[in-house]
Amino acid sequence: MDVSRGERNGRVSSEWFNRPDDERYLSLDDLWANVKGRSERNRSRVVQTADIRAEAARDSAERLHMVLPKAHEPVAPTVCPQILTEN
């Protein structure tokens, strides 16, 4: 590798330092292991929008939970609003 041919990108460095400790990966192997673990724990399924319920708890009325049909726990949306991930 010829380091003289590259350039220093301060943005990448600053983004890394601004991440929480559990999101800083010192190697690609560490990053890969984390992403692989998340993908193994997650499932996706297609549901009709009308079947999704929004619920609020009395102790946390400002925070809504999304509940899918036959789900035992609320789900968290992913980046794509059409896809919901069950953890």
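Keep in mind that what you see is a predicted model, and the values were worked out from it rather than measured.

> Hey, could you go over the overall build of the protein chain for me, with residue numbers and the actual values?
Secondary structure summary: the protein chain contains two helices and five strands in total. Listed N to C, the secondary structure of the protein chain is α-α-β-β-β-β-β in terms of helices and strands. When the 87 residues of the protein chain are sorted by exposure, 10% land in the buried category. Sequence-distant contacts in the protein chain: of pairs separated by 6 or more residues, those separated by 24 or more amount to 24%. When the accessible surface of the protein chain is summed, it comes to about 8,100 Å², and 52% of that surface belongs to carbon and sulfur atoms.

> Outline the pattern of salt bridges, supporting the account with residue identities and numerical values.
For the structure on display, the rule yields two salt bridges. Across the pair Glu40 and Lys36 runs a salt bridge, and its minimum N-O distance is 2.3 Å. Here Lys36 and Glu40 lie together in helix H2 (residues 28-41), a separation of four residues that amounts to about one turn. Given the relative accessible area of 33%, Lys36 is considered partly exposed. Salt-bridge contacts for Arg53 lead to Glu55; the nearest nitrogen and oxygen are separated by 2.5 Å. Overall, the relative accessible area of 42% leaves Arg53 in the partly exposed class.

> Which residues make up the confidence of the model for the protein chain, and what values go with them?
When the pLDDT values of the protein chain are averaged, the result is 76; 74% of them are 70 or greater. Per-element mean pLDDT across the protein chain ranges from 50 in strand S5 (residues 84-86) up to 89 in H2.

> I'd like a rundown of unusual backbone geometry, residues and numbers included.
Phi is positive for Lys70, which is not a glycine, with a value near 65°. Relative to the helices and strands, Lys70 is located in the loop between strand S3 (60-67) and strand S4 (76-77).

> Explain a nonpolar patch on the surface residue by residue, including any values.
Taken together, the side chains of Leu28, Leu31 and Val35 define a hydrophobic patch exposed on the protein surface, amounting to about 270 Å² of accessible area. Locating Leu31 in the fold gives a position in helix H2. A residue is classified by how much of its surface remains accessible, and Leu31, at 34% relative accessible area, is partly exposed.

> Residues and numbers for the environment of Arg63, please.
Assignment of secondary structure puts Arg63 in strand S3. Look at Arg63 and you get exposed, because its relative accessible area is 54%. Not counting residues within four places of it along the chain, the set of residues in contact with Arg63 comprises Glu55 and Ala56.

So, how was this worked out
- Residues numbered from 1 in each chain as written.
- Predicted model: local features only at pLDDT ≥ 70, side-chain atom pairs only at ≥ 80, totals over all residues.
- Heavy atoms only, no water.
- Helix = DSSP H or I, 4+ residues; strand = E, 2+ residues; numbered from the N terminus.
- Buried < 20%, exposed > 50% of the residue type's maximum accessible area, 1.4 Å probe, protein only.
- Contact = heavy atoms within 4.5 Å.
- Areas by Shrake-Rupley, 256 points an atom, 1.4 Å probe, with all protein chains shown as cover.
- Salt bridge = Lys/Arg side-chain N within 4 Å of Asp/Glu carboxyl O.
- pLDDT = per-residue confidence, 0-100.
- Patch = residues over 30% accessible without salt bridge, like charges linked within 9 Å, V, L, I, M, F, W, Y side chains within 5 Å.

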